[in-house]
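# Analysis of the macromolecular model
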Amino acid sequence: MSALDTRPTNCTADAGLKVESLRFAYNGTPVLLDINLAIGEGEFVCLLGPSGCGKTTLLRLLAGLETPSSGHLSWKGRPITGPSLERGVVFQDYSLFQWMTLVNNITLALAKSHPGKDRKWRLNLAAEFLELVGLADAARKHPFELSGGMQQRGAIARTLAMGSPVLLMDEPFGALDPVNRGRLQNLVLDVWSDANPRKTVVFVTHDIEESLHLADRVVMLGSSPGRIIDELRVPFARPRVWRTLIRSPEFLSLRERIAERFREDTLQRIEAESVVGGDAEGI
Amino acid sequence: MAKSPIIPSVSFPTASRLPAKKASKPSGIRRNSWWRLQGKEGVLFLLGIVLLWQFASSSIHFSGDYLFPSPAVTLKALWGSLPELLKDTWSSLLVLLPGYALAAVAGIVWGLVVGTIPWVSRMFSPFARFASPVPPTIYVPYAIAMLPTFRTAAGFVVFVGAFWPIFLNTAAGAASLPQRHRDNARILGLKPTEYLWRIVFPSSLPHIFSGMSVGLVFSFIMLTVAELFGASAGLGRFVQLYADYADYPRMVAGILYTGVVVMAAMELLEQIKRRSLFWIK
């Protein structure tokens with residue numbers, strides 16, 4: 001259990017993203033319970049958990065799209081009170097505006113993130129990032145003319161072009177086929193490791209293999225209500241090559257241990273519920 | 001590069017070439033060409049209506065044949081009054097277009113605001129629930145009495161008739177803006193005006209267009225009703241005038257002609273809609 005019981009590394013007081021004793025309830029139902037999390041600058045963290053464990057809610061709280069019921073969120077020591085251009089978000093369902101061309105989607109974002117620059121400069125930068133994600137030829141196309149994978153690459157290009165130091169990704173490849181998913185995982189890893197300084201990435205997924213492929217650290221969330229059940233530092237060296245990675249015994253055993261940890265949590269919850277149920281029958 | 005004779009044989013059949021090749025193929029089922037025609041059912045049905053009309057007008061006799069003119073008589077009347085009808089169309093459009101355009105602008109802008117800002121919606125919705133179901137025809141006599149000229153009075157009732165459907169649909173469209181667009185706009189930090197114009201407006205366009213086509217029908221209803229009351233020119237007045245003269249062929253021709261004008265206006269709007277909504281698959 002040495003890998004599994006690694007506690008979060010203590011970051012310097014104000015660095016990175018911080019979540020302290022966070023609670024979030026929706027219409028009185030607790031969604032997230034007592035979340036404490038510190039993510040260092042430049043770190044790649046995956047939030048891993050089953051559907052309905054509140055991982056998306058946690059990401060939306062980090063983005064500033066939701067307000068916590070109690071607790072505290074901060075980036076570099078500044079409290080998060082609302083959405084900010086510092087924290088770019090890529091959603092699962094395609095984030096692009098359908099009525100604008102790909103390049104206009106990006107220049108609209110750039111007009112907000114770089115208000116001092118003129119249109120020509122924005123067009124050049126947009127073209128640069130479209131090239132980076134391999135969409136240079138599709139710049140003048142509308143999202144309906146593009147496949148799901150291409151749209152998602154466009155959304156990534158938009159977020160990268162804005163230059164946000166923090167990247168929040170909510171199951172961005174959840175709706176893609178395995179081939180496209182693999183390609184986009186590599187794309188994200190490439191841009192992340194090439195950028196200087198490195199971006200801080202919080203990546204939400206329910207796919208254990210994906211989290212082991214991408215992350216420095218995997219944070220496991222259990223459901224009803226959502227809470228952190230464990231954390232794991234991913235020991236694999238970078239750059240990671242998927243084909244070698246997936247065959248290595250360390251990868252397989254880590255994958256199994258994470259799956260086992262989720263099974264344990266489910267069992268514990270069922271037991272807890274049946275105890276409550278037993279009491280109720282007694283009454 | 002010189003043209004090679006090989007190239008045509010290896011090139012793929014293009015979409016435009018493929019059907020041409022099929023059509024040029026000698027076909028033993030020649031009579032099928034008519035049956036393949038798109039929309040032939042509609043043409044046949046219209047033909048049936050005209051035949052029925054002809055049959056009815058020649059076999060049923062009201063008090064004098066003029067009350068129920070045959071297609072041929074009506075067509076002749078239509079041809080004869082075409083110059084007058086064109087003038088009346090122009091006069092009607094001069095009333096309708098400003099009223100409708102004003103209703104579209106006001107309905108869209110106010111609908112976007114009401115559909116987007118909750119407190120404005122809470123403020124305006126009770127009034128809208130009371131005012132929007134009032135049949136706009138009810139305003140006609142009062143508008144004619146209140147407003148200085150017939151044109152302003154008719155323009156006003158056209159505005160009222162078109163405003164509510166456009167406003168209600170736009171507000172519904174704005175209120176049903178998908179969450180992801182709202183989230184993305186918030187992350188980009190768009191200003192309220194930018195948000196309304198660049199996000200909420202295009203996203204609501206399907207609703208806006210359905211409001212505009214209902215509004216267009218309403219504005220024609222309002223226009224002709226107003227003209228029945230007290231116009232000196234216009235399509236509604238044409239029908240009213242010849243009904244008063246008991247010149248029923250001309251009256252029926254006026255009704256048919258008005259139908260064509262409304263249909264043309266609807267078709268124009270439909271074309272604009274198709275061009276604006278190209279991004280919806």
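Refer to the structure presented above.
Residues numbered from 1 in each chain as written. Chains lettered and ligands numbered in written order. Predicted model: local features only at pLDDT ≥ 70, side-chain atom pairs only at ≥ 80, totals over all residues. Heavy atoms only, no water.

## Looking at the overall build of chain A
What chain A contains, in helices and strands, is eight helices and 10 strands. Computed over the C-alpha atoms, the radius of gyration of chain A is 20 Å, within 12% of the 19 Å expected from 2.2 N^0.38 for a compact globule of 283 residues. Across its three principal directions, the C-alpha atoms of chain A cover 70 × 45 × 40 Å. Long-range contacts, defined as pairs at least 24 residues apart, comprise 70% of the intrachain contacts of chain A with a sequence gap of at least 6. In chain A, the 33 positive side-chain charges and the 34 negative ones have mean positions that sit 7 Å from each other. (Helix = DSSP H or I, 4+ residues; strand = E, 2+ residues; numbered from the N terminus. Rg over C-alpha atoms; globule rule 2.2 N^0.38 Å. Contact = heavy atoms within 4.5 Å. Lys, Arg positive; Asp, Glu negative; His and termini not counted. Charge placed at Lys NZ, Arg CZ, Asp CG, Glu CD.)

## As for the interface of chain A and chain B
The interface of chain A with chain B comprises 24 residues on the first partner and 20 residues on the second. For the pairing of chain A and chain B, the buried interface totals around 2100 Å² over both sides, and the portion due to carbon and sulfur atoms is 64%. When the area that chain A buries against chain B is broken down by residue, the three leading residues are A:Trp99, A:Lys112 and A:Phe144, summing to 32%. There are two salt bridges connecting chain A and chain B. With a shortest N-O distance of 2.7 Å, B:Glu194 and A:Lys112 are connected by a salt bridge. (Buried area = accessible area lost by both parts, 1.4 Å probe. Salt bridge = Lys/Arg side-chain N within 4 Å of Asp/Glu carboxyl O.)

## A short note on the side chain of A:Lys55
With respect to the helices and strands, A:Lys55 occurs in helix 1 (residues 55–63). Setting aside anything within four residues of it in sequence, one finds A:Lys55 in contact with A:Leu47, A:Leu48, A:Gly49, A:Pro50, A:Glu171, A:Val204, A:Thr205, A:His206 and A:Leu221.

## Some thoughts on the pattern of salt bridges
As enumerated under the stated definition, the model contains 24 salt bridges over all chains in all. A salt bridge links A:Arg217 to A:Glu231; the nearest nitrogen and oxygen atoms lie 2.8 Å apart. Within this pair, whereas A:Arg217 is found in strand 9 (residues 217–222), its partner A:Glu231 is found in strand 10 (residues 227–233), the two being separated by 14 residues in sequence. You can call A:Arg217 buried: its relative accessible area is 2%. A:Glu231 gets classed as buried once you look at its relative accessible area, which sits at 2%. Because the salt bridges share partners, they merge into one network encompassing B:Glu84, B:Asp88, B:Arg237, B:Asp247 and B:Arg250. (Buried < 20%, exposed > 50% of the residue type's maximum accessible area, 1.4 Å probe, protein only.)

## With respect to the packing of aromatic side chains
Following the criterion strictly, the structure yields 20 aromatic pairs over all chains and no others. For the pair B:Tyr242 and B:Tyr245, a centre-to-centre distance of 6.0 Å together with 80° between the ring planes defines the contact as edge-to-face. By the ring-pair criterion, three or more aromatic residues cluster together here, those being B:Trp110, B:Phe124, B:Phe127, B:Phe159, B:Phe163, B:Trp164 and B:Phe167. Above the ring of A:Trp121, the side-chain terminus of A:Lys117 is found at 4.9 Å from the ring centroid. Here the guanidinium or amino end of A:Arg158 rests over the ring plane of A:Phe97, the centre of that ring lying 5.7 Å away. (Phe/Tyr/Trp six-rings, centres within 6.5 Å; stacked < 30°, edge-to-face > 60°. Lys NZ or Arg CZ within 6 Å of the ring centre and 35° of its normal.)

## Things to note about a nonpolar patch on the surface
Residue and element names in this part refer to chain B. Together, Ile117, Trp119 and Met123 line one region of the surface with nonpolar side chains, adding up to about 320 Å² of accessible area. Among the secondary structure elements, isoleucine 117 is positioned in the loop between helix 6 (82–116) and helix 7 (118–131). For isoleucine 117, a relative accessible area of 30% translates into the label partly exposed. (Patch = residues over 30% accessible without salt bridge, like charges linked within 9 Å, V, L, I, M, F, W, Y side chains within 5 Å. Areas by Shrake-Rupley, 256 points an atom, 1.4 Å probe, with all protein chains shown as cover.)

## Looking at the pairing of strand 1 (residues 17–26) of chain A
All names here are of chain A. As judged from the seven bridges shared by strand 1 and strand 2 (residues 29–39), these two strands associate in the antiparallel manner. Within strand 2, the residue paired with tyrosine 26 across the bridge is threonine 29. With antiparallel pairing between neighbouring strands as the criterion, strand 1 and strand 2 make up a hairpin whose turn holds two residues, including asparagine 27 at a positive phi of roughly 50°. (Pairing = 2+ DSSP bridges.)

## Points about the sheet that holds strand 2 of chain A
Residues and elements named next belong to chain A. Within the open sheet, the four strands sit side by side as 2-1-4-5. Their pairing is antiparallel. Each of the sheet's edge strands pairs with one partner strand only, and the pair in question is strand 2 and strand 5 (78–79). With two bridges connecting them, strand 4 (residues 70–75) and strand 5 associate as antiparallel partners. Directly across from serine 74, in strand 5, lies its bridge partner proline 79. This element, helix 1, spans strand 1, strand 2 and strand 4 of the sheet and lies at about 120° to strand 1. (Axes fitted to C-alpha atoms, helices over the stretch in contact; angles between N-to-C directions.)

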